[in-house]
Amino acid sequence: MGSPVAITTEADWHAELKDNGNKLVVAKFGASWCAACQKLQPILDQAVKTHPDVRFLDIDVDQLADLAADLGVSSIPTVFLIKNGKVIDQVLGINEEALSEKIETHKNE
């Protein structure tokens, strides 16, 4: 397990949220053509290794535009932190320090 799990359908998205319940889910919304998203990827790949108790997801806004719109994604990358199927926090852009702090804070709540 070296990188976030790619989510390609809304059914997969809903299954992940249902299956992970009280476990922290970190979901990055980005796109393959987005330079900032590509810069964020190694940070997330490292976080997967650092936090094996957290579920990391990768959503391409071009594939799941309706889902991104439903969640209010207005710029990419946007990372949502989710527990029990609800967004509890988010990080916009590339902010490794904020992302790390929020993962630490929320994973043990």
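Not measured: the values here are computed from a predicted model.

How each quantity is defined
- Per-chain numbering applies: the sequence of each chain, read as written, is numbered from 1 onward.
- Two thresholds apply to this predicted model, a pLDDT of at least 70 for residue-level local features and 80 or more for giving and counting side-chain atom pairs, whereas whole-chain, interface and lining totals are computed over all residues.
- Note that water and hydrogens are dropped before the side-chain values are worked out from all heavy atoms of the structure.
- Each Phe, Tyr or Trp ring (for Trp, its six-membered ring) is paired with any other whose centre lies within 6.5 Å, and the angle between the two planes then decides the class: stacked below 30 degrees, edge-to-face above 60, tilted in between.
- Helical segments are the DSSP runs of H or I of at least four residues, strand segments are the runs of E of at least two, and each set is numbered from the N terminus.
- Classification of residues uses two cut-offs on accessible area relative to the type maximum, computed with a 1.4 Å probe and protein chains only: under 20% is buried, over 50% is exposed, and between them is partly exposed.
- Between any two strands, at least two bridges found by DSSP are needed for them to pair.
- Expected span of a helix, by definition, is 1.5 Å for each gap between consecutive residues, and there is one gap fewer than residues.
- Each C-beta atom gives one direction from the helix axis, and the arc is the one those directions make.
- In what follows, residue pairs with any heavy atoms lying within 4.5 Å of each other are defined as contacts.
- The definition of a nonpolar core used throughout is a set of buried Ala, Val, Leu, Ile, Met, Phe, Trp, Tyr and Cys residues joined through side-chain atoms within 4.5 Å.

Student: Mind showing me how you'd approach the packing of aromatic side chains here?
Tutor: For any pair of aromatic rings, the description rests on two quantities: the centre-to-centre distance and the angle between the ring planes. Taken as a whole and assessed by the stated rule, the structure comprises two aromatic pairs. Judged by centre distance (5.7 Å) and plane angle (70°), the rings of Trp13 and Phe29 are edge-to-face. Here Trp13 is found in helix α1 (residues 10–20), whereas its partner Phe29 is found in strand β2 (residues 25–30), with 16 residues between them in sequence. Both residues of the pair, Trp13 and Phe29, count as buried.

Student: I tried to follow the pairing of strand β5 (residues 86–92) on my own but got confused; where do I start?
Tutor: Each regular strand displays side chains that alternate between the two surfaces of the sheet. Sheet topology places strand β4 (residues 78–83) next to β5; six bridges connect them, and they run antiparallel. Pairing of Phe80 across the sheet is with Gln90, part of β5.

Student: I tried to follow helix α4 (residues 96–107) on my own but got confused; where do I start?
Tutor: Because the α-helix completes a turn every 3.6 residues, residues three or four places apart line up on one side. With twelve residues, α4 should reach 16 Å at 1.5 Å per residue; the first-to-last C-alpha distance of 16 Å fits that figure. Listed in full, the buried residues belonging to α4 are Ala98, Leu99, Ile103, His106 and Lys107. The arc enclosing the buried residues of α4, seen along the axis, measures out at 140°, which places them on a common side. Buried positions along α4 lie against β2, α2 (35–50), β3 (55–60), β4 and β5.

Student: Sorry if this is basic, but what is going on with the nonpolar core here?
Tutor: A general trend in soluble globular proteins is that nonpolar side chains are found buried together. Residues Trp13, Ala27, Phe29, Leu57, Ile59 and Ile82 are the most contacted members of the largest nonpolar core, which totals 18 residues. In this structure, Ala27 is in contact with Trp13, Leu57, Ile59, Thr78, Val79, Phe80 and Ile82, ignoring residues within four places of it in sequence. With 14 residues, the next largest nonpolar core counts Leu44, Val48, Phe56 and Ile103 among its residues.

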